[in-house]
Amino acid sequence: MKDKQVEKLIKAEAKRQKSVINLIASENYVSKDVLEALGSILTNKYAEGYPGRRYYGGNTIIDKVELLAMERVLKLFKLKPAEWHVNVQPLSGSPANLAVYSALVPLGGKIMGMKLSSGGHLTHGQPVSMTGKIWKQVPFEVDAKTERLNYPELKKIAMKEKPDIIVCGFTAYPRFVDFKKFREIADACGAILMVDMSHFAGLVAGGVYPSPFKYADVVTTTTHKTLRSARSAMIFVRKDAREFNKKIDKVIIPGLQGGPHENQIAAVAVSMREAMSPAYKKYAKQVVKNAQTLAGELSKLGWRIVSGGTDSHLILVDTWMNGKGISGKDASDRLEKAGIIVNMNTIPQDPRGVMDPSGIRLGTPAETTRGKKEKDMIAIARKIDKVLRGKR
Ligand code: DSN
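Below is a summary of the structure that appears in this document.

Basis of the calculations
Residues numbered from 1 in each chain as written. Predicted model: local features only at pLDDT ≥ 70, side-chain atom pairs only at ≥ 80, totals over all residues. Heavy atoms only, no water. Pairing = 2+ DSSP bridges. Helix = DSSP H or I, 4+ residues; strand = E, 2+ residues; numbered from the N terminus. Contact = heavy atoms within 4.5 Å. Axes fitted to C-alpha atoms, helices over the stretch in contact; angles between N-to-C directions. Phe/Tyr/Trp six-rings, centres within 6.5 Å; stacked < 30°, edge-to-face > 60°. Near = heavy atom within 4 Å. Polar contact = N/O pair within 3.5 Å; in protein donor to acceptor, adjacent residues only side chain to side chain. Nonpolar A, V, L, I, M, F, W, Y, C, P; charged D, E, K, R; others polar. Salt bridge = Lys/Arg side-chain N within 4 Å of Asp/Glu carboxyl O. Buried < 20%, exposed > 50% of the residue type's maximum accessible area, 1.4 Å probe, protein only. Left-handed = near helix turned anticlockwise from the far one by under 90°. Core = buried A, V, L, I, M, F, W, Y, C linked by side-chain atoms within 4.5 Å. Patch = residues over 30% accessible without salt bridge, like charges linked within 9 Å, V, L, I, M, F, W, Y side chains within 5 Å. Areas by Shrake-Rupley, 256 points an atom, 1.4 Å probe, with all protein chains shown as cover.

The antiparallel open sheet is built from 4 strands, whose spatial order is S11-S12-S15-S14. The open sheet is flanked by strand S11 (304-305) and strand S14 (343-345), the only strands paired with a single partner. Bridge count between S11 and strand S12 (residues 314-318): 2 bridges; the pairing is antiparallel. By the bridge assignment for S12, Ile 305 is matched with Val 317. Strand contacts of helix H11 (residues 278-300): S11, S12 and strand S15 (359-363), with the helix running at about 15° to S12, the strand carrying the most contacts. Each of S14 and S15 is contacted by helix H12 (residues 328-337), which is oriented at about 50° to S15, the strand it contacts most.

The next point concerns the packing of aromatic side chains. Inspection of the entire model under this criterion finds 15 aromatic pairs. Both rings, one in Phe 77 and one in Phe 213, keep their centres 5.7 Å apart while their planes meet at 50°; by these two values the pair is tilted. With Phe 77 in the loop between helix H3 (60-76) and strand S4 (84-87) and Phe 213 in the loop between helix H8 (201-205) and strand S9 (218-222), the pair connects residues that are 136 residues apart, well separated along the chain. Where Phe 213 meets Phe 236, the ring centres are 5.0 Å apart and the plane angle is 70°; that geometry is what we call edge-to-face.

What follows covers the site of the ligand. For the ligand, the full set of nearby residues is Ser 26, His 121, Thr 171, His 199, Lys 225 and Arg 361. One nitrogen or oxygen atom from the side chain of His 121 is found 2.7 Å from an oxygen atom belonging to the ligand. With respect to the ligand, the side chain of Arg 361 contributes an N or O atom lying 2.7 Å from an oxygen atom. Of the residues belonging to the shell around the ligand, the class tally is no nonpolar, 4 polar and 2 charged.

Spatial ordering of the open sheet is given by S4-S10-S9-S8-S7-S5-S6, a layout of 7 strands whose pairing is mixed. In the strand order of this sheet, the two ends are held by S4 and strand S6 (136-140), each with one partner. Ignoring which end each strand starts from, the neighbouring axes of this sheet average 20° apart. With 5 bridges joining them, strand S5 (residues 110-114) and S6 adopt parallel strand pairing.

Applying the stated rule across the entire model yields 29 salt bridges. Glu 161 serves as the salt-bridge partner of Lys 110, at 3.1 Å between the closest nitrogen and oxygen. Of this pair, Lys 110 sits in strand S5 while Glu 161 sits in helix H6 (residues 151-161); the two residues are 51 residues apart in sequence, bridging distant segments of the chain. Of the residues examined, Lys 110 reaches a relative accessible area of 22% and is grouped as partly exposed.

Burial of S9 is extensive: 5 of the 5 residues sit out of reach of the surface. Taking every second residue as pointing to the same face, both faces of S9 are buried, with Val 218, Thr 220 and Thr 222 on one and Val 219 and Thr 221 on the other. Bridging between strand S8 (residues 192-196) and S9 involves 3 bridges; their strand directions are parallel. By the bridge assignment for S9, Val 195 is matched with Val 219.

This brings us to the environment of Tyr 283. Here Tyr 283 shows up in helix H11. Taking the C-alpha atoms as reference, Tyr 283 lies 7.8 Å from Gly 206; in sequence the two are 77 residues apart. If we skip the residues at most four places from it in the chain, Tyr 283 touches Asn 28, Thr 226, Arg 228, Pro 365, Thr 368 and Thr 369. At a separation of 3.3 Å, a polar atom in the side chain of Tyr 283 contacts the side chain of Thr 369.

Relative orientation of the contacting elements H12 and helix H14 (residues 374-390) amounts to 115°, with a least axis distance of 10 Å. Judged by the twist between their axes, the crossing of H12 over H14 is right-handed. Residues Ala 331, Arg 334 and Leu 335 of H12 pack against Ile 384, Val 387 and Leu 388 of H14. A per-class count over the contact of H12 with H14 returns 5 nonpolar, no polar and 1 charged.

The next thing to look at is unusual backbone geometry. Look at the link from Ile 253 to Pro 254: it is a cis peptide, with omega at 15°. Positive phi, close to 45°, is recorded for Lys 162, a residue that is not glycine. Following the sequence through the fold, Lys 162 ends up in the loop between H6 and strand S7 (165-168). Not every positive phi belongs to a glycine, and Asn 322 is a case in point at roughly 55°. Within the element layout of this structure, Asn 322 appears in the loop between S12 and H12.

Moving on: the packing of H11 against H14. With their axes 8 Å apart at the nearest point, H11 and H14 run at an angle of 35° to one another. Between H11 and H14 lies a crossing of right-handed hand. Along its contact with H11, which presents Gln 286, Lys 289, Asn 290, Thr 293, Leu 294, Glu 297 and Leu 298, the element H14 presents Glu 374, Met 377, Ile 378, Ile 380, Ala 381, Arg 382 and Ile 384. A per-class count over the contact of H11 with H14 returns 7 nonpolar, 3 polar and 4 charged.

Take the nonpolar core next. With 57 residues, the main nonpolar core has Phe 77, Phe 182 and Phe 236 as its most contacted residues. Within the second largest apolar cluster, 24 residues are counted, among which are Ile 21, Leu 23, Leu 294 and Val 342.

Moving on: a nonpolar patch on the surface. Taken together, the side chains of Met 1, Val 6 and Ile 10 present a nonpolar region at the surface, about 270 Å² in accessible area. With respect to the element layout, Met 1 can be found in the segment before helix H1 (4-19).

Any link to function would need more than the numbers given here.
In structure tokens, the structure reads:
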């Protein structure tokens, strides 16, 4: 690079990424091909609109890129183009969720979403997010005892509050979600069912997590977590008489965004092909095996795992343990000093604040990409234990 200042920073970050154990549940390492597409000359083109309907000239090749991405996405998730539409233009997860509500929920309407402390996302209608200011959140939590979703309780809330949309699929909920039960609740109260599968999309693609497509009206996802693509997002919309697909396309452009990032979309196309390979299926399985091994070993070492374990790629560890342990921020800082990168996280019924909560969230997608297996997870659990106990 001619710009030595930026080059130096990129090299330093590459070195950092290589030298740490990365347990951030939402991060991953993309392939060289994905990086090449992302860093390609496709970034030079303006393509406002959709394939065949662009505002700018010169888009014949760009159209092919976007259509290829859409085709591969639908194929990966085994969706028929006659039944499902996918919009691959959202710039990332938060704008994707904002687009869905903007298209489908009347201003001031109700979004039923999980509270942050139980594992929900900011854009599931939290009061601090614009999604909680433009619309009103109907919050729900996990069961205080089991730390899992309590479907009869959810139904009670939904029937009382009559939300316009119910959002399921979470950022810090380690268990399977029963999408069929959510569908029943949505039908009972007359709500749209949206699944935000950002965290587990790669596990759905790999066949190790239940697919939401049989039950959802709309599915959003980021592409850079378990799905191991460039940072981007997409919205899947069931095609039916309600024509949500048309409404959502219109909200993305001209409603919320301008020119799509076609280099990003090309990178997504590349990674969709990668995710169709047998090697990727093996990867997804290993991600879950690794998470279960990590959770099991930490539990053996005396750490309380929220909900008792995991069905997915992520684990929530209660490091505070009723004041007998250490705070999530302290735990995260100590681990970082020892070369283990995690994020502090609230736990259900968290007695502490969001900025220094009671737990940490661990995930295995990134380290599994680097070839780590169960024996490595046991070693990592022991190292975590040693670091956290060492200074108590
Ligand atoms: N930042 C994502 C995560 O870590 O789960 C959510 O936006």
